[in-house]
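# Results of the structural survey
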Amino acid sequence: MKLSVENLNSHYGPAHILFDVALDVADGEAVALLGRNGAGKSTTFRSIVGLVGQRSGRIEFEGRDISNQPTHAIVRGGLGYVPEERRIFTDLTVEENLEVGRQPPRNNAPRWTRERLFELFPNLAEMRGRPGGRMSGGEQQMLTIARTLMGNPSLVLLDEPSEGLSPKIVEQMVEAILTMKKEGVSLLVSEQNLHFARLISDRAYIIERGRICFSGTMTELDARPDIRDAHLAL
Amino acid sequence: MAFYVVQFLTGLASAASLFLVASGLSIIFGVTRIVNFAHGAFYMLGAYVAFTLTARFSGALGFWGGILAAALIVAAVGVLVEMLLLRRIYHVPELFQLLATFGLTLMVEDLVVLGWGPNDLVGPRAAGLKGAIDFFGQQIPSYDLFLIVLGPLVLGLLWLVFQRTRWGVLVRAATQDRDMVAALGVNQKWLFTSVFALGVFLAALAGALQIPRDAVTHEMDLRVIVDVFVVVVIGGLGSITGAFVAAVLVSELNAFGILIFPKISIILVFLVMAAVLIVRPWGLLGRAEAPVRRTPGLTVNPWRPLTSRERIAVAIAFLLAASLPFYAGNYALAVGAEIAIFVIFAASLHFLMSTGGLASFGHAAYFGLGAYGTAFAVKLAGLPMAAALVAGPLFGLLGAVVFGFFAVQLSGVYFAMLTLAFAQIVWSVAFQWVGLTGGDNGILGVWPERWAASAPHFFWLSLAVAVLAVAGLRIATFSPFGFALRATRDSPLRAEAIGINGKRIQWSAFLIAGTVAGIGGALFAYLKGSVFPDVLGIPLSVDALVMVLLGGVETVSGAIVGAIVYKALSIWLVSQTEWSKLVLGAFIVLIVVAFPKGIVGTLDSLWHRRPSSLKDAMLASKIETAE
Amino acid sequence: MSSQPLLSVEGLSKSYGGVHAVRGVSFALSSGEILALIGPNGAGKSTCFNMLNGQTAPDGGRVRVLGQDTTGLKPREVWRLGVGRTFQITATFPTMTVRENVQVALSSHDRKLFNLIAAMPRYARQEAERLLDLVGMGGFAMRACGELAYGDLKRLELAMALANRPKLLLMDEPTAGMAPRERVELMRLTAQIAREKSIGVLFTEHDMDVVFEHADRILVLNRGNLIAEGSPEEVRRNGEVRAIYLGEGLVYDARHREGAAP
């Protein structure tokens, strides 16, 4: 098992946000975490990578318990995280952005170099010296993914990669994600757009009010329109 | 001609140390978002430690090694401070950070006196650079030439470090988005610590390098920090090159200003700063800041007017206070009047800070202008007391009109630094313009007329004015004006989009706060019978801030409680200990770290605590969407 | 009167550091019409929007609202002419109650901002409650705005934007960050109000389901240029728009794809 989460509970100050969340990602698998805005998707991701201070439960990554580790140590262990919105460093050039993400290679994950990433995202190669702030939204989104791949992760958490992007760019995003998967990177992707999730993932969880309320394959989800309609508000 | 060249070179030499301190402040601010008020204290510590080391080890190695070692030792102290204090306050509002680092400054001032004594110390001359070079009959110290070279050298080195090293890239990335840097596997804690160490090293180095030029004193911290604030406001906070350009500019203005306005050379710096701010509000090389962090959700309970039961409680409290003269002696009444005056002062700042979101670090300027205005009205114009009590606050208003206009162009820490710099300018004028203000000797003999002269009468007068001022400010808080002010604080974007001219609203609030502070100052002049430059000083501005903080910055009228508790406490404290700065500094740090809601804020949240799961759920979805 | 459009834009241009964000964009909008502005990220939609309400000053071109030139006016001045605005990320006053949020907008509309005496909690209370009822927020009047869920904040923003009885509403990604069902409800509400009061609406949006459902007409922006304009059906059929923006239609609802039955 690549990632295994059990009994995850998270709080922000007095507010209890996540309730006994449990999910797994197998080696080489791409899993979708679906749910509407405010359901707890981002909090789940932030809890896994240690950005939420008050969390309890069991979080195992490659068999190691990471629930008490600080964010940077978790990420250095090979768990990449791409947060919501693009959050690239607008003052830094494309190459400098990639430099911030650079980590030593590891044995159980595909090894990315700057040049390999420029092959995967040819747009970026043409603008190596350009400050991130002067790139379009789609290019910025590609850069955030490339930047995380510079850390040679074996698992990547992608938080709402399609939000705020035009349909065309979203399609490019689908391709990039499929390439990552083919290379052997495991993925956990949070989404609201079911169309998008269907294109990239094998399995899905649905989260609602901080609780996992469905778990199964995409086909199983399609067979349950009641669940889909109740929790995704399509 | 040669004279001017030498004057110019002297200016450049002074710029070096100013640049080192300012660049350190800028670097630290860039990454940690903390304006480190204690930077002046580290500068001072660098000078003291260098004094001791260079006195113990002689020779060139002793001198230069001592300077370097001093900077390194102080940087190590900085690391300790960062790990023990700053790590606890990275997520609190910036005003609290400024206050905490100011508290640190107060503590260092007393500690320095404890360690090195209260007298000025004169350090050794620089080994190997003791001589001077003759320039057309004028002498230029070789040490000055060394400093002139050092400034650009440090600038170049810093540029290389930030552009060409991985550490530099990480620091620049963290300047923009520190959580994202952590999410890419970088250990933020050590990044912050190393940045803080570098910044403190630069400040301490500047202090150490000053010892051949200037005496080492326990007042050099505030002097340099005000100059540095002026430099970063002109140059643009966060820009190292901007710090360099502005340091040169300010130093040259000082060097030549002395020739033009010998008495009040600081006026020239003020005029330039004003001009820069009109053209480029974020400084010469600075950039517009992202909207300032709002005071975060310590509470989300909207303010409401007093309920009828609370009104009765307030009336009873007032009657109790008004009956004080029937059972208290004259000393107690004088203390009572002073507390009432500080209630007025604190309430005026509180209105600006909590309703307006504008944390002034120089509010004493308007209090002091009110006091000086009253003294002028009595001593120069011979006005009767009633008229003088009106004339004084008009001075406060006038100051607020001028300074407020510039200050409201900025927000957040810039606003704080600018108001502090303005207050310091007014203080300098009062201190240096001996002909008008009597300088350090002050203006004496401002006594109340017979109708207000007795202790009970003066107490009642102060109390009545305080009640009127507080009530007036409260009504204003709940008026359309008060809501427009809060709207501008909460969301400038939305406020503008519904037709509110935010700058004008804030300026008006500044005028109100300045005038009310001036009323306090006018009464204060009569209470003491005299006016000294102290009434304009940084310590008094900070007193007001602590009162507001202690009462609770997110409450409607917490400053009243804060003023009463703090003033009573500090009057008692001064009578108990010699090291009041040390105790006060520690007290401020303690409040910020452990008690950020203040007295009234804490009571309020206890009162409103409702264990509602509905509210939790609302909050949850809010947090989720806010991410 | 009918010959004069509500909003007319001619040759609007803006560049940042040599990069043309918006190049010579012209269009018009009439009362009661709902117009969508779409395009890839970075196409200049936000810049265009910000120039319409005065947030950004254009380098060239003219903006007229009901015939009056508003180019170069500040947002607060544009607002006084009857232009309401909502933001991509909601901008409200979190420390006030929901009703107070609307009351501030009303007091500004009445030019009472410098009134230091009146008690705001009682100010124009009925009008504020009427507006809240209109957007379905009547039951939330006394709630702290900081506690509202995101979808409710969007509705509150709409109530505030309606406080000055606008003739034109500018909505920047009105449904961004909302769940699909909430999106549809909010746009339905907006469209209904717009038609009843004959308010013109201009909005940007990435959710094609929302755009194709509610827009009367669509403008497509790419690299600062207006590349297409027309009814939803025309835009959907436009090959260039598909290549640049819409893609293969894999990521939005099937019934809005080209060739699908209307």
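Here the structure is a predicted model, which means the values were calculated and not measured. (Residues numbered from 1 in each chain as written. Chains lettered and ligands numbered in written order. Predicted model: local features only at pLDDT ≥ 70, side-chain atom pairs only at ≥ 80, totals over all residues. Heavy atoms only, no water.)

## Observations regarding the overall build of chain B
- Helix and strand counts for chain B come out as 27 helices and four strands.
- A compact globule built from 627 residues would reach a C-alpha radius of gyration of about 25 Å, and chain B, at 25 Å, matches this within 12%.
- The dimensions of chain B, computed from C-alpha atoms along their principal axes, are 75 × 65 × 50 Å.
- Residues classed as buried in chain B amount to 58% of the 627 residues present.
- Surface summary for chain B: the accessible area is close to 24,400 Å², and the carbon and sulfur share equals 70%. (Helix = DSSP H or I, 4+ residues; strand = E, 2+ residues; numbered from the N terminus. Rg over C-alpha atoms; globule rule 2.2 N^0.38 Å. Buried < 20%, exposed > 50% of the residue type's maximum accessible area, 1.4 Å probe, protein only. Areas by Shrake-Rupley, 256 points an atom, 1.4 Å probe, with all protein chains shown as cover.)

## What to know about the overall build of chain C
- Across its full length, chain C carries nine helices and 10 strands.
- Whereas a compact globule of 262 residues would reach a radius of gyration of roughly 18 Å, chain C reaches 19 Å, a difference of no more than 12%.
- Expressed as lengths along the three principal axes of its C-alpha atoms, the size of chain C is roughly 60 × 40 × 40 Å.
- In chain C, which comprises 262 residues, the share counted as buried stands at 58%.
- In chain C, once contacts between residues fewer than 6 apart in sequence are set aside, the share between residues at least 24 apart is 67%.
- Counting every atom, chain C has about 10,100 Å² of accessible surface; 48% of that belongs to carbon and sulfur.
- Separation between the mean location of the 32 positive side-chain charges and that of the 30 negative ones in chain C comes to 5 Å. (Contact = heavy atoms within 4.5 Å. Lys, Arg positive; Asp, Glu negative; His and termini not counted. Charge placed at Lys NZ, Arg CZ, Asp CG, Glu CD.)

## Some remarks on the packing of aromatic side chains
- Tallied over the entire structure, the rule returns 31 aromatic pairs over all chains.
- Between A:Arg211 and the ring centre of A:Phe19, over which it is positioned, the NZ or CZ distance is 4.0 Å.
- Its guanidinium or amino end placed over the ring of B:Trp303, B:Arg489 lies 5.8 Å from that ring's centre, counting from NZ or CZ. (Phe/Tyr/Trp six-rings, centres within 6.5 Å; stacked < 30°, edge-to-face > 60°. Lys NZ or Arg CZ within 6 Å of the ring centre and 35° of its normal.)

## Focus: the interface of chain C and chain B
- With 40 residues of chain C at the interface, the matching set in chain B holds 37 residues.
- Between chain C and chain B, the buried area comes to about 3,400 Å², and carbon and sulfur atoms account for 65% of it.
- Scanning the region where chain C abuts chain B turns up two salt bridges.
- A salt bridge links C:Glu157 to B:Arg494, with the shortest nitrogen-to-oxygen separation between them at 2.7 Å.
- Elements that contribute at least two residues to the side of chain C that touches chain B include exactly α2 (75–80), β6 (83–86), α3 (98–109) and α5 (150–161) of chain C.
- Here the side of chain C that touches chain B gets five residues from one element, more than from any other, and that element is α3(C).
- Within the side of chain C that touches chain B, the residues separate by chemical class into 22 nonpolar, nine polar and nine charged. (Buried area = accessible area lost by both parts, 1.4 Å probe. Salt bridge = Lys/Arg side-chain N within 4 Å of Asp/Glu carboxyl O. Nonpolar A, V, L, I, M, F, W, Y, C, P; charged D, E, K, R; others polar.)

## A look at the environment of C:Ala57
All names here are of chain C.
- Tracing the backbone through its elements, the reader meets Ala-57 in the loop between α1 (45–52) and β4 (60–65).
- The partly exposed category is assigned to Ala-57, whose relative accessible area is 48%.
- Linking Ala-57 and Gly-72, residues 15 residues apart in sequence, is a C-alpha distance of 5.5 Å.

## A short note on the side chain of C:Lys154
All names here are of chain C.
- Positionally, Lys-154 belongs in helix α5.
- Looking at Lys-154, its side chain comes within polar contact range of the main-chain oxygen of Glu-173, at 3.3 Å.
- Once residues within four sequence positions are removed from consideration, Lys-154 is found in contact with Phe-87, Gln-88, Thr-90, Glu-173, Pro-174, Thr-175, Ala-176, Met-178 and Leu-186. (Polar contact = N/O pair within 3.5 Å; in protein donor to acceptor, adjacent residues only side chain to side chain.)

## Some thoughts on the interface of chain A and chain B
- Each side of the interface is counted separately: chain A has 35 residues, and chain B has 26 residues.
- Both faces combined, the contact of chain A with chain B buries some 2,700 Å², and carbon together with sulfur accounts for 54% of it.
- Remark: the boundary between chain A and chain B carries three salt bridges.
- B:Asp177 is paired through a salt bridge with A:Arg87; the nearest N and O atoms lie 2.8 Å apart.
- Linking chain A with chain B are nine residue pairs in polar contact (both at pLDDT 80 or more), by the criterion used here.
- The set of elements that each furnish at least two residues to the side of chain A that touches chain B consists of β2 (15–25), α1 (41–48), α2 (71–76), α3 (94–101) and α6 (137–149) of chain A.

## Some words on the sheet that holds strand β4 (residues 54–61) of chain A
Residue and element names in this part refer to chain A.
- Read across the sheet, four strands follow the order β2-β1-β4-β5 without closing on themselves; strand pairing throughout is antiparallel. Two strands lie at the open edges of the sheet, namely β2 and β5 (64–65), each paired on one side alone.
- One ladder, built from seven bridges, connects strand β1 (residues 3–12) with β4; its direction is antiparallel. Counterpart to Ser-10 in the pairing with β4 is Arg-55.
- Contacts from α1 reach β1, β2 and β4, with the element oriented near 110° to β1. (Pairing = 2+ DSSP bridges. Axes fitted to C-alpha atoms, helices over the stretch in contact; angles between N-to-C directions.)

## A short note on the pattern of salt bridges
- All chains considered together, the criterion is met by 38 salt bridges over all chains.
- Across the pair A:Arg128 and A:Glu115 runs a salt bridge whose closest N-O atoms are separated by 3.3 Å. In this pair, A:Arg128 is assigned in the loop between α5 (122–125) and α6 and A:Glu115 in helix α4 (residues 114–120), connecting sequence segments 13 residues apart.
- Residue class for A:Arg128 comes out partly exposed when judged on its relative accessible area of 31%.
- The salt bridge partner of B:Lys567 is B:Glu338, with a shortest N-O separation of 3.5 Å. Of this pair, B:Lys567 sits in helix α24 (residues 558–576) while B:Glu338 is found in helix α13 (residues 330–355), placing the two residues 229 residues apart along the sequence. This pair shows no difference in class: B:Lys567 is buried, exactly as B:Glu338 is.

## Quick look at the side chain of B:Arg178
All names here are of chain B.
- With respect to the secondary-structure elements, Arg-178 resides in helix α7 (residues 178–182).
- No salt bridge forms around the buried Arg-178; measuring N to O, its nearest opposite-charge neighbour Asp-179 is 5.7 Å away.
- Reaching out from Arg-178, the side chain makes a polar contact with the backbone oxygen of Thr-32 at a distance of 3.2 Å.

## Quick look at the pairing of strand β9 (residues 203–208) of chain A
Residue and element names in this part refer to chain A.
- Taking burial as the measure, the six residues of β9 include six buried ones, the bulk of the element.
- Burial along β9 is two-sided: Arg-203, Tyr-205 and Ile-207 and Ala-204, Ile-206 and Glu-208, pointing in opposite directions, are all buried.
- In the sheet, strand β3 (residues 30–34) pairs with β9 via four bridges, with the strands oriented parallel. In the sheet register, Leu-33 faces β9, and the bridge partner there is Tyr-205.
- As paired elements, β9 and strand β10 (residues 211–217) share six bridges and run antiparallel to each other. Opposite Ile-207, over in β10, you have Ile-212 as the bridge partner.
- Connecting β9 to the next strand, β10, in antiparallel fashion are two residues, including Arg-209 with a positive phi near 45°.

## Observations concerning the sheet that holds β6(C)
Residue and element names in this part refer to chain C.
- The six strands lie next to each other as β6-β7-β8-β3-β9-β10, forming an open sheet whose pairing is mixed. Each edge of the sheet is formed by a strand with only one pairing partner; in this case those strands are β6 and β10 (225–230). Taken pair by pair, the neighbouring strands of this sheet meet at an average axis angle of 15°, ignoring direction.
- Judged from the four bridges that link them, strand β3 (residues 34–38) and strand β8 (residues 200–204) form a sheet pairing that is parallel. Counted as the bridge partner of Leu-35 is Leu-202 from β8.

## Quick notes on the nonpolar core
- With 310 residues, the main nonpolar core has A:Leu3, A:Leu79, B:Leu99, B:Met273, B:Phe458 and C:Phe203 as its most contacted residues.
- The residues that make up this core include at least three from each of domain 1 (2–279) and domain 2 (322–608) of chain B.
- Among all residues touching B:Phe458, those that are not within four sequence positions of it are B:Ala337, B:Ile341, B:Met385, B:Pro448, B:Ala452, B:Leu523, B:Tyr526 and B:Leu527.
- Residues A:Val94, A:Leu117, A:Leu124 and A:Met142 belong to the second largest nonpolar core, which totals 33 residues. (Core = buried A, V, L, I, M, F, W, Y, C linked by side-chain atoms within 4.5 Å. Domains from an automatic or database assignment.)

## So, helix α5 (residues 142–164) of chain B
- Here α5(B) is 23 residues long and its end C-alpha atoms lie 33 Å apart, about the 33 Å a rise of 1.5 Å per residue gives.
- Of all the positions in α5(B), only B:Ser142, B:Tyr143, B:Asp144, B:Leu147, B:Ile148, B:Leu150, B:Gly151, B:Val154, B:Leu155, B:Leu158 and B:Phe162 are classed as buried. (Expected span 1.5 Å × (residues − 1).)

On their own, these measurements won't tell you what the molecule is for.
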